[in-house]
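# Chain and residue survey
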Amino acid sequence: SNAFMSFSCSGAPKTIPPAWQCWAPVAIGQEPQGNIIGSGIFISPKGVLEHAGSVGLALIIWVLGGGVAALGSLCYAELGVTIPKSGGDYSYVTEIFGGLAGFLLLWSAVLIMYPTSLAVIALTFSNYVLQPVFPNCIPPYNASRILSMVLLLTWVNSSSVRWATRIQDIFTAGKLLALTLIIVVGFIQIFKGNYKELTPSNAFRFWMTPSVGHLALAFLQGSFAFSGWNFLNYVTEELVDPRRNLPRAIFISIPLVTFVYTFTNIAYFTAMSPHELLSSNAVAVTFGEKLLGYFSWVMPVSVALSTFGGINGYLFTSSRLCFSGAREGHLPSLLAMIHVKNCTPIPALLICCLATLIIMLVGDTYTLINYVSFINYLCYGVTIIGLIVLRWRKPKIFRPIKVNLLIPITYLAFWAFLLVFSLYSEPIVCGVGLIIILTGVPVFFLGVYWRNKPKCVNRLIGKAALCASLPSLLAPNQAGSCLRSLATPPSHGSPWAQAGQALLCFGQLFCTLLGTFASSHASVPMHLSCSEQPAPANTQGDILYAQRLNGQSPRD
């Protein structure tokens, strides 16, 4: 395919090498610690408790949520080292089930999973910032949207990779400070004997009898806090010795995260009754106000730092998925382009930003969590079904890690229970997600599968691509220039000028998206060549997987 066609300043079409070579390696150290432990633990406790109906059952759901995440992680570890391609779920589903299934997963990730997660984290940031200002009521709708910081961090990520990674390093400390403080104060409360709500007689005193549907929704709320356990599979091509390091990351991170989340919730109940927790708009802030006295300001500041870093992390990693889709020809080639000077994936960032802003306007935090968690679990389950299908289709392929078949079967049994009863309990929220995914079917056949388009359609697409390529702003990724860009400090141009450039790119970008997907034989008028371009070079993961399929490399 010619998904990597771009336009240089001279107008000659060129082929884009893998776009992540310049900006992905700096992200790999952020994945395990920055994407699992995040803002979810400051949002989800209220939703879990609301649907569980008792303190004890809520704590059990948190522990079981960690166990389910561990089962899923082990399945992904086998897939990650058997199909050693970056791109995670998308790469595995595309390889096993074909282009349509992979495209639908990519479609749901670009339009639902990443933007909705970003919207939830952004709203959490604004709620925690505004809670001290509006202590006795819900913060105003407009204020919570204006303070979401999505536009600011999109500009930062578009301006400099170095700025984005430094923000991630600095603000990761915010979440660690907040959680450490909560757990330590919670243990002090327990040693003082303040654990009335945690005694068995009180912990399992139900103020409502939860139905099976309520339990499913409670798991959905808790699973949002665990989301991110599969992110390391997006960079398997960049891992050193993934056969050893991928399982090691799982065995260290999942139990640690489960411990932190469970004891954070225990700490909450040493200071608050279930009624107080359910009535709070910012649980950690209420906790700090009751126990920290004059230092209660530390809690909203720490949580705000954590969520600020979470927004930045999601924006930073979402462009990797867009690149993988463009590499397979499933997304416009423009989304694989980067800024010629800043070496940042501006088109992908702007698409994610726009989708996030739209979603923020149409739902509240806990409805959005149910929405995105349902779609997340749907994609996880399809990917793990792919593991079983791959075992059946290619039993002799070398698998550096091979889990017991009971692990994916157990996960899928829980997966089926969760999806069925979630859809039963929230048919509108979950149904909308399914409809959005299915809208990708006609888009796939029109934009991707239909290769022999009429010349007039190809000409229209070529003109749109030419208008949006912005020769002075976007260019094919060249590893050497990218590395030099990273080594030099960011430009000190006017912020208004840079914002104007971003807006210009935004408008030109949507011209291309309205022109739908890049054609394999799009004819480009004027001074551009119409000759067919060679397919992009295979990555190391592609080559290794092809050797395994052909039996040429039975061992790594």
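Everything numeric in this text was worked out from a predicted model, so none of it was measured.

## Re the overall build of the chain
Across its full length, the chain holds 24 helices and four strands. Here the chain holds 556 residues, and the buried ones make up 59% of them. Across the chain, contacts joining residues at least 24 apart in sequence account for 84% of those joining residues at least 6 apart. By element, 68% of the accessible surface of the chain is carried by carbon and sulfur atoms, the whole surface being about 22,500 Å².

## Quick look at the packing of aromatic side chains
What the rule picks out here adds up to 24 aromatic pairs. Ring-pair connections join several aromatic residues into one group, and the members of that group are Tyr 76, Tyr 92, Phe 219, Trp 229, Tyr 377, Tyr 380, Tyr 411, Phe 414, Phe 417 and Phe 421.

## Notes on the pattern of salt bridges
Overall, the coordinates contain three salt bridges when judged by the stated rule. With a closest N to O distance of 2.8 Å, Glu 78 and Arg 391 form a salt bridge. Placement of Glu 78 in helix α4 (residues 55–82) and of Arg 391 in helix α17 (residues 365–393) is noted, with a sequence separation of 313 residues between them. For the pair Glu 78 and Arg 391, a shared accessibility class is recorded, and that class is buried. The salt bridge partner of Arg 399 is Glu 78, with a shortest N-O separation of 3.5 Å. Pair noted here: Arg 399 is in the loop between α17 and α18 (406–425) and Glu 78 is in helix α4, with a separation of 321 residues, a long-range link. Across the pair, Glu 78 and Arg 399 agree in class, each one buried. A cluster of three or more residues bridged by salt bridges with shared partners is formed by Glu 78, Arg 391 and Arg 399.

## Considerations on the side chain of Lys 46
The topology assignment puts Lys 46 in helix α3 (residues 40–52). Put simply, Lys 46 is tucked away with no salt bridge, and the nearest opposite charge, on Glu 50, sits 6.4 Å away. Residue contacts for Lys 46: discarding those within four places in its chain leaves Leu 277, Leu 278, Ser 280, Asn 281, Val 283 and Tyr 366.

## Here we look at the nonpolar core
Within the largest apolar cluster, 131 residues are counted, with the highest numbers of intra-cluster contacts made by Phe 42, Tyr 268, Phe 287 and Tyr 377. Ranked by residue count, the leading element in this core is helix α6 (residues 99–130), at 18 residues. In contact with Phe 287, other than residues within four places in its own chain, are Ile 182, Val 185, Gly 186, Ala 267, Tyr 268, Thr 270, Ala 271, Met 272 and Met 299.

## Points about the packing of helix α5 (residues 89–97) against α6
It is the contact of α5 with α6, at a shortest axis distance of 7 Å, that shows an interaxial angle of 160 degrees. Taken together, the axes of α5 and α6 are roughly antiparallel relative to one another. For the pair α5 and α6, the crossing hand works out as right-handed. When α5 is examined against α6, the residues Asp 89, Tyr 90, Val 93, Thr 94 and Phe 97 are found in contact with a partner set consisting of Gly 99, Ala 101, Gly 102, Phe 103, Leu 105 and Leu 106. Of the residues contributing to the contact of α5 with α6, the split by class is seven nonpolar, three polar and one charged.

## Some points on the packing of α3 against α4
Running from amino to carboxyl end, α3 crosses α4 at an angle of 125 degrees, the nearest separation of the two axes being 9 Å. Taken together, the axes of α3 and α4 lie oblique to each other. Considering only the axes of α3 and α4, their crossing is right-handed. Note on element contacts: α4 touches α3 through Val 55, Leu 57, Ala 58, Ile 61 and Trp 62, opposite Ile 41, Ser 44, Pro 45, Val 48, Leu 49 and Ala 52. Partitioning the contact of α3 with α4 into residue classes produces ten nonpolar, one polar and no charged.

## Focus: the environment of Gln 221
Within the secondary structure layout, Gln 221 lies in helix α11 (residues 212–226). Taking relative accessible area as the criterion, Gln 221 reaches 1% and is therefore assigned buried. With residues up to four places along the chain from it excluded, the contact list for Gln 221 reads Ser 44, Gly 47, Val 48, His 51, Tyr 366, Ile 369 and Asn 370.

## Some thoughts on the environment of Gly 40
Within the secondary structure layout, Gly 40 lies in helix α3. Residue class for Gly 40 comes out buried when judged on its relative accessible area of 5%. Separated by 270 residues in sequence, Gly 40 and Gly 310 place their C-alpha atoms 9.6 Å apart. If we skip the residues at most four places from it in the chain, Gly 40 touches Pro 45, Phe 224 and Ala 225.

## What to know about helix α16 (residues 346–360)
With 15 residues, α16 should cover 21 Å at 1.5 Å per step; its first-to-last C-alpha distance of 21 Å lies within 8% of that length. Summarising burial for α16: twelve of the 15 residues are buried, a large majority.

## As for the environment of Gly 309
By secondary structure assignment, the location of Gly 309 is in helix α15 (residues 298–327). As for Gly 309 and Phe 171, which are separated by 138 residues in sequence, their C-alpha atoms are 5.0 Å apart. Sequence-distant contacts of Gly 309, that is, excluding residues within four places in its chain, are made with Gln 168 and Phe 171.

## Some words on a nonpolar patch on the surface
On the surface, a cluster of nonpolar side chains totalling about 620 Å² of accessible area is made up of Tyr 294, Phe 295, Trp 297, Val 301 and Leu 305. Tracing the backbone shows Leu 305 in helix α15. On the basis of relative accessible area, Leu 305 is assigned to the partly exposed category, the value being 31%.

## Some words on the confidence of the model for the chain
Looking at the chain as a whole, the pLDDT averages 74, with 73% of positions reaching at least 70. Put simply, strand β1 (residues 5–7) is where the chain has its lowest mean pLDDT, 29, and α4 is where it has its highest, 92. Across residues 1–34, where pLDDT falls below 50, the model places 113 contacts with residues more than four positions away in sequence or in other chains. Within the model, pLDDT remains below 50 along residues 470–537, and this stretch shows 134 contacts once partners closer than five positions in the same chain are excluded.

## Some thoughts on α3
One turn of the α-helix equals 3.6 residues, which is why residues spaced by three or four share an orientation. The end-to-end C-alpha distance of α3, which contains 13 residues, comes to 17 Å, matching closely the 18 Å that a straight helix rising 1.5 Å per residue would cover. For α3, the tally of buried residues reaches twelve of 13 residues, placing the bulk of the element in the interior. For α3, the full list of buried residues reads Gly 40, Ile 41, Phe 42, Ile 43, Ser 44, Pro 45, Lys 46, Gly 47, Val 48, Leu 49, His 51 and Ala 52. Backbone geometry just after α3 places Gly 53 at a positive phi near 90 degrees.

What counts and what doesn't
Residues numbered from 1 in each chain as written. Predicted model: local features only at pLDDT ≥ 70, side-chain atom pairs only at ≥ 80, totals over all residues. Heavy atoms only, no water. Helix = DSSP H or I, 4+ residues; strand = E, 2+ residues; numbered from the N terminus. Buried < 20%, exposed > 50% of the residue type's maximum accessible area, 1.4 Å probe, protein only. Contact = heavy atoms within 4.5 Å. Areas by Shrake-Rupley, 256 points an atom, 1.4 Å probe, with all protein chains shown as cover. Phe/Tyr/Trp six-rings, centres within 6.5 Å; stacked < 30°, edge-to-face > 60°. Salt bridge = Lys/Arg side-chain N within 4 Å of Asp/Glu carboxyl O. Lys, Arg positive; Asp, Glu negative; His and termini not counted. Core = buried A, V, L, I, M, F, W, Y, C linked by side-chain atoms within 4.5 Å. Axes fitted to C-alpha atoms, helices over the stretch in contact; angles between N-to-C directions. Parallel < 35°, antiparallel > 145°, perpendicular 65-115°, else oblique. Left-handed = near helix turned anticlockwise from the far one by under 90°. Nonpolar A, V, L, I, M, F, W, Y, C, P; charged D, E, K, R; others polar. Expected span 1.5 Å × (residues − 1). Patch = residues over 30% accessible without salt bridge, like charges linked within 9 Å, V, L, I, M, F, W, Y side chains within 5 Å. pLDDT = per-residue confidence, 0-100.

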